[in-house]
Amino acid sequence: MKELEQWIQDMTLIPALSGYENKMADYLTKEIQPFTNSVEIDPIGNVIARIDGREKNSPKVMIFAHMDQLGLVVRKIDDNGFIQFERLGGVPEKVLPGLKVQVKTEDDEYIPGVIGNKSHHITPPNEKTQVIPYLDLYIDLGANSKEEVQNLGIDVGCPIIYEPSFQKLANNKVAATSIDNRGGCACLLSIAKALKSNQTDATVYLVGTVLEEYNLRGAMIAARKISPDLAICIDVCPSGDTPDTKDRSDIRLGRGPIISMYSFHGRGTLNGTIPHPKLVKHIADTAKQAGINIQKSALTGILTDLSYVQLELGSIPSIDLAFAARYTHSPVEVCDLGDIASLCDLLSQFINQINSSINLKRWE
């Protein structure tokens, strides 16, 4: 558990806006290399690690988690040095005013700033309860002019992230930026380490993917390269255990890994995933044998990059597995480290059972 916690802490403090995942790719490559037969970064930026199996005819398994995080992008710098921005990914506007951020320069340095929030004392009463549209917000670097900001190496298109943080809470919980999906990336490392000491029949590809928060397409490129026989996505699932979410679902922190039985974005993409029924049964049976409690989710408004991977190569048998998280897409996402550890254990044990006799026919 300590090693898992350290990986998560390290990774939540690494800046990796969608499209700019190089620092996360470098870290994941370095950490996963000792446990694998090969590791490479493909042209789009995915980290692809391979662990060879014993059995030539066993299915190829692709397990993946996205390395990127959501954030903002510089849209305009005004004459007084204030930065206006676009959202990159599903950034909730209501969390932005007063938020600490970091702006990446063209020289790969990060400059601290804050998103301005009109002083309370001079805010009219009718504005005090409003959510301000992001197009009306701005970032204050402390600069006095547009030229000063540009001299720092900041221009239109530069990435902006929530200021990275990691904080331990009570009862094995942590609050951090980008728990979505650095918890999943830590799971890749844990699985790699487990498989290194216990070789499986199946050949396993562990993939840190790019661009999930932007357009969900990075994993699709990896799947085309690997041509897996089955695909498992690791991501977060919003919990339903806080006062404002208790009527939405029964998902709880501390109650183990989650099988997503239904996801649907429902906003523009009209995409989602209904898992392969045989994989649901295999995973559930493995959990029962191992004494691992599992939860099931069915949610509209959530989407993972599995939604596109499942459509590749004439359709790949696929399933989403997750760990619960509170306050998703905010700067203070909260999870239970025990849930991630249980998910790693479940996947490691499931992979150990995969061989050439596994039945992946959807229907007989």
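S.K.: Can you walk me through the overall build of the chain in this structure?
M.R.: Across its full length, the chain holds eight helices and 18 strands. Seen along its three principal axes, the alpha-carbon backbone of the chain occupies a region of about 70 × 45 × 40 Å. The buried share of the chain, reckoned over its 364 residues, is 55%. Of the contacts formed within the chain by residues at least 6 apart in sequence, a portion of 77% connects residues at least 24 apart. As presented, the chain carries roughly 16,100 Å² of accessible surface, and 48% of it is formed by carbon and sulfur atoms. Positive and negative side-chain charges in the chain, numbering 36 and 45 respectively, have mean positions lying 7 Å apart.

S.K.: Just to check I follow, could you spell out a negative patch on the surface for this structure?
M.R.: Together, Glu106, Asp107, Glu109 and Asp155 line one region of the surface with negative charge. Position of Glu106 among the secondary structure elements: in the loop between strand S6 (100-104) and strand S7 (110-115). When its relative accessible area of 57% is taken as the criterion, Glu106 is described as exposed.

S.K.: Can you walk me through the packing of aromatic side chains in this structure?
M.R.: Two aromatic rings, taken as a pair, are described by how far apart their centres are and by the angle between their planes. If you walk through the whole model with that rule in mind, you get two aromatic pairs. Here Phe82 and Tyr138 contribute two aromatic rings whose centre-to-centre distance is 5.3 Å and whose plane-to-plane angle is 75 degrees, an arrangement assigned as edge-to-face. Placement of the pair is Phe82 in the loop between strand S4 (71-77) and strand S5 (83-88) and Tyr138 in the loop between S7 and strand S8 (139-140), with a sequence separation of 56 residues. Overall, Tyr138 belongs to the partly exposed group, its relative accessible area being 32%. Judged by centre distance (6.4 Å) and plane angle (25 degrees), the ring pair of Phe85 and Tyr134 falls under stacked. Residue Phe85 is found in strand S5, and its partner Tyr134 is found in the loop between S7 and S8; the two are separated by 49 residues along the sequence. Here the two residues Phe85 and Tyr134 agree in accessibility, since each one is buried. The side chain of Arg217 reaches across the aromatic face of Tyr308, ending 4.0 Å from its centre. Note that Arg362 overlies the ring of Trp363, its terminal NZ or CZ placed 5.6 Å from the centroid.

S.K.: Whenever I open this one, the sheet that holds strand S11 (residues 173-176) confuses me. Can you help?
M.R.: Within a sheet, each strand pairs with its neighbour through backbone hydrogen bonds, oriented either parallel or antiparallel. Spatially, three strands are ordered S10-S11-S18 in an open sheet, and the strand pairing comes out antiparallel. Two strands lie at the open edges of the sheet, namely strand S10 (166-168) and strand S18 (333-336), each paired on one side alone. Looking at each pair of strands side by side, their axes are set apart by 25 degrees on average, direction ignored. The pairing of S11 with S18 spans four bridges and is classified as antiparallel. Paired with Ala176 across the strands is Glu333, a residue of S18.

About the criteria used
Residues numbered from 1 in each chain as written. Predicted model: local features only at pLDDT ≥ 70, side-chain atom pairs only at ≥ 80, totals over all residues. Heavy atoms only, no water. Helix = DSSP H or I, 4+ residues; strand = E, 2+ residues; numbered from the N terminus. Buried < 20%, exposed > 50% of the residue type's maximum accessible area, 1.4 Å probe, protein only. Contact = heavy atoms within 4.5 Å. Areas by Shrake-Rupley, 256 points an atom, 1.4 Å probe, with all protein chains shown as cover. Lys, Arg positive; Asp, Glu negative; His and termini not counted. Charge placed at Lys NZ, Arg CZ, Asp CG, Glu CD. Patch = residues over 30% accessible without salt bridge, like charges linked within 9 Å, V, L, I, M, F, W, Y side chains within 5 Å. Salt bridge = Lys/Arg side-chain N within 4 Å of Asp/Glu carboxyl O. Phe/Tyr/Trp six-rings, centres within 6.5 Å; stacked < 30°, edge-to-face > 60°. Lys NZ or Arg CZ within 6 Å of the ring centre and 35° of its normal. Pairing = 2+ DSSP bridges. Axes fitted to C-alpha atoms, helices over the stretch in contact; angles between N-to-C directions.

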